[in-house]
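Below, each chain spelled out in residue letters.
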Amino acid sequence: MAAWLRILVAVLFPMLAGLPASAELVLPPGFTAQVYVTGHGFDGGADRGGGRGIPATATLGFDQSGALYLAKAGARFRQGEEIEDLASVYRIPAGGARLTPETESRYFHGPPLRNPQIGAVRGRGEVFVTTYDRERKTGAVYRMIDGRPVLLAGGTPPRGSPPLFKQPEGVAVDAPGNIYVADREQGLVARLDPTGKVLDARYLSVLRPRTLALDEKGQLWIGGDGTAETPFQDGTGQIWRASPEGTLSLLVEGPLPAGMSLGPGGSLFVAQRRTGNVFAVTAEGKRIAFASATEDTILRALGFAPVTPETRRAGIAGDLFVIAVSRRVWTINEVLRISGPFDEFVRRASP
């Protein structure tokens, strides 16, 4: 790289993160959005109408230290055909990051996996990652600590036995350590003990469940695709809540929930991929519109940073993070950080 170009990159590139994100999201008064994770030089450069962002990611999660985990999408469309590749998990330190093809490997967390998704993150670096192989119709859940994935459940079954999982996606962990896994292909939520032993392979039956969240009362929130076969189709998305005893209640029906996360005050926030909206759901099932993306932006997943001494020092405690995708160049994404009085917003909008 020429000396003048190195100087230009050194001066300008650090300015990319922290940019106002007003072009991507319309927010209520009192809230602001900034770019938290971005990049430059990846597929989708200026000749394709883009240039700012990181390779496509679909899921995210925070640990208690403020580290952000992102799963790089393994499934991609190339020349009209869907191809599944091995892909990596990113670990982004508190404060955000700006990646380039040359620096990307610094943020890799563990070996590449097939179609990885961040199912859940617990403690200070315990990451539950789900994977699946569409052709073989098998899926697995890994527990990853310090970047080392260990098979927790699923995978290739014994000869003649059906697979435990076919397309596991969301994961939730309760206070005793029991693990819940949403399998979208099989239409079920399985329940495992802390070691991965199956307690109930069909704990709950829900049409195409995708994402899970557990609240402080031990209630399991489930976002499902309903009748839609892909995130791009219209259909009746659903949000269910299960009591600790496993009793299901349907709270919300409407556009597909691509991501869900419980805020510090206990309110559920949901991202709708196709409509580009974010809304909150109260305990009574009331839907409260929160934010909307501009027509050029799709939203994929979201998550709140936990409130801990480390995240307070980093200035991100209780903030909401959203993966934004450009409709023009969907192969690269950015992570946006939204700050504001979330609990107060929900209280004002609730009856």
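Let us look at the structure shown here. (Residues numbered from 1 in each chain as written. Predicted model: local features only at pLDDT ≥ 70, side-chain atom pairs only at ≥ 80, totals over all residues. Heavy atoms only, no water.)

Counting residues in hydrophobic clusters, the biggest one holds 23 residues, and the most contacted among them are Phe-269, Val-278, Phe-290, Leu-299, Leu-320, Ile-338 and Phe-342. When contributions to this core are tallied by element, the ones reaching two or more residues are strand S2 (32-39), strand S25 (268-272), strand S26 (277-281), strand S27 (287-293), strand S28 (297-304), strand S29 (320-326), strand S30 (332-339) and helix H3 (342-349). Among the elements that take part in this core, S27 stands out by supplying four residues, more than any other. Setting aside its immediate chain neighbours within four residues, Phe-342 contacts Phe-31, Phe-269, Phe-290, Phe-304, Gly-318, Asp-319 and Leu-320. Core analysis: the second largest hydrophobic core is formed by 21 residues, Val-37, Leu-70, Ala-97 and Tyr-107 among them. (Core = buried A, V, L, I, M, F, W, Y, C linked by side-chain atoms within 4.5 Å. Buried < 20%, exposed > 50% of the residue type's maximum accessible area, 1.4 Å probe, protein only. Helix = DSSP H or I, 4+ residues; strand = E, 2+ residues; numbered from the N terminus. Contact = heavy atoms within 4.5 Å.)

A word on unusual backbone geometry. A positive phi angle, close to 50°, is found at Asn-115, a residue other than glycine. Looking at where Asn-115 falls in the secondary structure, it is placed in the loop between strand S11 (113-114) and strand S12 (117-122). Notably, Lys-137 is not glycine yet its phi reads approximately 55°, a positive angle.

Pairing is antiparallel in the open sheet, where five strands are placed in the order S1-S27-S26-S25-S24. Of all strands in the sheet, those bounded by a partner on one side alone are strand S1 (25-26) and strand S24 (257-262). Note that S24 and S25 share five bridges and pair antiparallel. By the bridge assignment for S25, Leu-262 is matched with Leu-268. The strands that H3 touches are S25, S26 and S27; relative to S27, the one it contacts most, it runs at about 130°. (Pairing = 2+ DSSP bridges. Axes fitted to C-alpha atoms, helices over the stretch in contact; angles between N-to-C directions.)

If you trace the four strands from one edge of the open sheet to the other, you get S12-S13-S14-S15, paired in antiparallel fashion. Of all the strands in the sheet, just S12 and strand S15 (148-154) have a single pairing partner and so form its edges. Within this sheet the neighbouring strands show an average axis-to-axis angle of 25°, counted without direction. Judged from the five bridges that link them, S12 and strand S13 (residues 126-133) form a sheet pairing that is antiparallel. Paired with Ile-118 across the two strands is Val-129, which belongs to S13.

Attention now moves to empty space enclosed by the protein. Here the structure, examined in full by the defined rule, presents one cavity of 30 Å³ or more. Counting residues per element, the ones that place at least two in the lining of the largest cavity are strand S22 (237-242) and strand S23 (248-254). Per-class residue counts for the lining of the largest cavity are five nonpolar, three polar and two charged. (1 Å grid on protein atoms, 1.4 Å probe; cavity = no way out; pocket = protein on both sides within 12 Å on 5 of 7 lines; lining within 4 Å. Points joined across faces, edges and corners; volume = space filled by probe spheres on them. Nonpolar A, V, L, I, M, F, W, Y, C, P; charged D, E, K, R; others polar.)

Along the polypeptide, Thr-282 turns up in the loop between S26 and S27. Apart from the residues within four sequence positions on either side, Thr-282 is in contact with Trp-221, Ile-288, Val-346 and Ser-350.

What follows deals with the pattern of salt bridges. Within this structure, the stated rule accounts for 13 salt bridges. Between Arg-184 and Asp-225 there is a salt bridge whose closest N-O contact spans 3.1 Å. One end of the pair, Arg-184, is in the loop between strand S17 (179-183) and strand S18 (188-192); the other, Asp-225, is in the loop between strand S21 (220-224) and S22, and 41 residues separate them in sequence. Between Arg-337 and Asp-319 there is a salt bridge, with the nearest N and O atoms lying 2.7 Å from each other. (Salt bridge = Lys/Arg side-chain N within 4 Å of Asp/Glu carboxyl O.)

In this section: the environment of Tyr-132. With respect to the helices and strands, the residue Tyr-132 is situated in strand S13. Along the sequence, Tyr-132 and Asn-115 sit 17 residues apart, while their C-alpha atoms lie 6.1 Å from each other. Within polar-contact distance, the side chain of Tyr-132 engages the side chain of Arg-134 at 3.3 Å. (Polar contact = N/O pair within 3.5 Å; in protein donor to acceptor, adjacent residues only side chain to side chain.)

Counting buried positions over the eight residues of S28 gives eight, a clear majority of the element. In terms of strand pairing, S28 meets S29 through six bridges, oriented antiparallel. Bridge assignment links Ile-298 to a residue of S29, and that residue is Val-325.

With that settled, the discussion passes to the pairing of S2. For S2, a buried count of six out of eight residues is recorded, marking the element as mostly surrounded by other parts of the structure. Relative to strand S10 (residues 97-99), S2 runs parallel, the two being bridged by three bridges. Across the sheet, Gly-39 pairs through a bridge with Leu-99, a residue of S10.

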